[in-house]
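Structural overview for review
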Amino acid sequence: MGITPFKSSGRGPAILRNCILGVWVLMFAFKQSTTFMARNSGEVTEIVAGLLIIFFSLYDTYVRREKNDVWGIPTWILGGLILTIGILFYLYKNPFA
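Residues numbered from 1 in each chain as written. Predicted model: local features only at pLDDT ≥ 70, side-chain atom pairs only at ≥ 80, totals over all residues. Heavy atoms only, no water.

Points about the overall build of the protein chain
- A count of helical and extended segments in the protein chain gives three helices and two strands.
- The helix and strand sequence of the protein chain, counted from the amino end, reads α-α-β-β-α.
- Relative to its 97 residues, the protein chain shows a buried fraction of 28%.
- Of the contacts formed within the protein chain by residues at least 6 apart in sequence, a portion of 73% connects residues at least 24 apart.
- Looking at the protein chain as shown, the accessible area adds up to about 6,700 Å², and 71% of this sits on carbon and sulfur atoms. (Helix = DSSP H or I, 4+ residues; strand = E, 2+ residues; numbered from the N terminus. Buried < 20%, exposed > 50% of the residue type's maximum accessible area, 1.4 Å probe, protein only. Contact = heavy atoms within 4.5 Å. Areas by Shrake-Rupley, 256 points an atom, 1.4 Å probe, with all protein chains shown as cover.)

Shown next as structure tokens:
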């Protein structure tokens, strides 16, 4: 039995945990292979995890008809926040100029 955050419903906490940890493990494995991944592994992890969280939470919401939230916030919004943070940090580290 896992620890569930207060006021959560559905598979929201599991989606967050599994996507973030799964992508983190994959990025750690690929970090040794390319210079890009070594420089930007944190940002890429946040971007991919955010996209997966959004995808799986919307899948559960619209296909499985299951409500997902963590602390009363829909899981897809949390995924969007993680995605936005990853994009902002990536753009800060790698400016277009």
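Notes on the packing of aromatic side chains
- By the definition in use, this model includes one aromatic pair.
- With 5.2 Å between their ring centres and 65° between their planes, Phe-55 and Phe-56 make a pair best called edge-to-face. (Phe/Tyr/Trp six-rings, centres within 6.5 Å; stacked < 30°, edge-to-face > 60°.)

What to know about the nonpolar core
- With six residues, the main nonpolar core is built from Ile-15, Leu-16, Cys-19, Ile-53, Val-70 and Leu-78.
- Sorting elements by how many residues they give to this core places helix α1 (residues 12-30) first, with three residues.
- When neighbours within four sequence positions are excluded, Ile-15 is seen to be in contact with Ile-53, Phe-56, Ser-57, Asp-60, Asn-68 and Thr-75. (Core = buried A, V, L, I, M, F, W, Y, C linked by side-chain atoms within 4.5 Å.)

Quick word on the confidence of the model for the protein chain
- Here the protein chain averages 78 in pLDDT, while 84% of its residues score no lower than 70.
- Mean pLDDT across the elements of the protein chain ranges from a minimum in strand β1 (residues 69-70), with 76, to a maximum in helix α3 (residues 75-93), with 89. (pLDDT = per-residue confidence, 0-100.)

What about α3?
- Helix length check: α3, at 19 residues, gives a terminal C-alpha distance of 27 Å against a target of 27 Å (1.5 Å per residue), a fit within 8%.
- Listed as buried for α3 are Thr-75, Leu-78, Gly-79, Leu-83 and Gly-86. With its buried residues spanning 140° around the axis, α3 presents them on a single face. In α3, the exposed residues that point more than 90 degrees away from the buried face are Leu-88 and Tyr-92. (Expected span 1.5 Å × (residues − 1). Arc of directions from axis to C-beta.)

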